[in-house]
Amino acid sequence: FSPDTNTLTEFTLPFRYDYSAPPALMWSPIQKKLYLFSGLTGQSTARARSTNSTDIHSFDPATKEIVRVAEMPQPQLNTAPVYVPSNGKMYLFGGMAWNGGSVGKNRGASNMNDVTVFNPADNSVELVEINENAVNGPRSPVAWDPSSQKILINKTVGWITYDPNNLLGSRQEVQRST
């Protein structure tokens, strides 16, 4: 879907994603492209034949072209993605590392606390090892707060906030008020 033209474009990926761990998707309003991050590729009916993808692809709705633009430092499945408009970067928090076992009920998977930062302006990728319980497991709700200029990650008892320009030194926990 293009918000600029209010049109929906159908396309077929040149590869197949496993339905249990599809890629994270984010739209860049600057590049006007959709970005696909990691995921499991292969047979959805036989996860043992699925493989971790570290690919980052871009989809240009104007040309209908899908291009591999970068590689993630490590496979991250079921991440919590957020786009930060103040710097044009994309952040993928946490997720799971899959080691080839059954994906159901996290068998064969372990939770991750790293953050992958992707800059679509130059297709650069950085892995920030924050080594703390950043997310509440795979697919935690995450959002950009324009008023505080912080990334917000939902936790069971409140929020964790991060300054995107200082991920290692800016973690704050905010308790929910009752």
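Please refer to the structure placed before this passage.
If you're wondering where the values come from, they're calculated on a predicted model, not measured in any experiment.

Procedures and definitions
The numbers attached to residues start from 1 for each chain and follow its sequence in the written order. In keeping with the model being predicted, local features are shown solely for residues with a pLDDT of at least 70 and side-chain atom pairs are shown and tallied solely at 80 or more, while totals for entire chains, interfaces and linings include all residues. As a convention, hydrogens and water are excluded, and side-chain values are obtained from all of the structure's heavy atoms. Think of a nonpolar core as a cluster: buried Ala, Val, Leu, Ile, Met, Phe, Trp, Tyr and Cys residues, connected wherever their side-chain atoms sit within 4.5 Å. Under the scheme applied here, a residue whose accessible area is under 20% of the maximum for its type counts as buried, over 50% as exposed, and between as partly exposed, the area being computed with a 1.4 Å probe on protein chains only. In DSSP terms, a helix is any run of H or I states spanning at least four residues, a strand is any run of E spanning at least two, and both are numbered starting from the N terminus. Here, two residues are considered to be in contact whenever any of their heavy atoms come within 4.5 Å of each other. A strand pair is defined by DSSP finding two or more bridges across the two strands. Note on geometry: axes are lines fitted to C-alpha atoms, helical ones only across the stretch in contact, with angles between N-to-C directions running from 0 to 180 degrees. In this analysis, rings of Phe, Tyr and Trp, with Trp reduced to its six-membered ring, are considered paired at centre separations within 6.5 Å, and the interplanar angle assigns stacked below 30 degrees, edge-to-face beyond 60, and tilted for intermediate values.

Undergrad: Looking at this structure, how should I read the nonpolar core?
TA: For soluble globular proteins, nonpolar side chains are generally found buried alongside one another. Among the nonpolar cores identified, the biggest contains 16 residues, and Tyr91, Phe93, Val115, Ile151, Tyr162 and Leu167 are the most heavily contacted of them. Of all the secondary structure elements, the ones that give two or more residues to this core are strand S7 (80–84), strand S8 (89–93), strand S11 (115–119), strand S13 (142–145), strand S14 (150–155) and strand S15 (158–162). Not counting chain neighbours up to four residues away, the residues in contact with Ile151 comprise Val82, Val84, Tyr91, Phe93, Val142, Ala143, Trp144, Ile160, Thr161, Tyr162 and Pro164. Ranked by size, the runner-up nonpolar core spans 11 residues in total, among them Tyr35, Met72, Tyr83 and Leu92.

Undergrad: What should I look at first to understand the sheet that holds strand S12 (residues 124–128) in this one?
TA: Here 4 strands make up an open sheet; going across it, the order is S7-S8-S11-S12 and the pairing antiparallel. Edge positions in the sheet fall to S7 and S12, since each has one partner strand and no second. Going across the sheet, the axis of each strand differs from the next one's by a mean of 20°, ignoring polarity.

Undergrad: Any chance you could explain the packing of aromatic side chains here in plain terms?
TA: Each aromatic ring pair is specified by the distance between its two centres and by the angle formed by the two planes. Going through the model one piece at a time under the given rule, you end up with 3 aromatic pairs. Ring geometry for Phe37 and Phe118: centres 5.5 Å apart, planes at 75°, overall edge-to-face. With Phe37 in strand S2 (residues 33–37) and Phe118 in strand S11, the pair connects residues that are 81 residues apart, well separated along the chain. Taken individually, Phe37 and Phe118 each receive the classification buried, so the pair is uniform in this respect. When the centroid spacing of 5.6 Å and the interplanar angle of 40° are considered together, the rings of Phe93 and Tyr162 count as tilted. Linking Phe93 in strand S8 with Tyr162 in strand S15, this pair joins segments that are 69 residues apart in sequence. The buried category is assigned to Phe93, whose relative accessible area is 1%. Chaining the aromatic ring pairs together yields one cluster made of Tyr35, Phe37 and Phe118.

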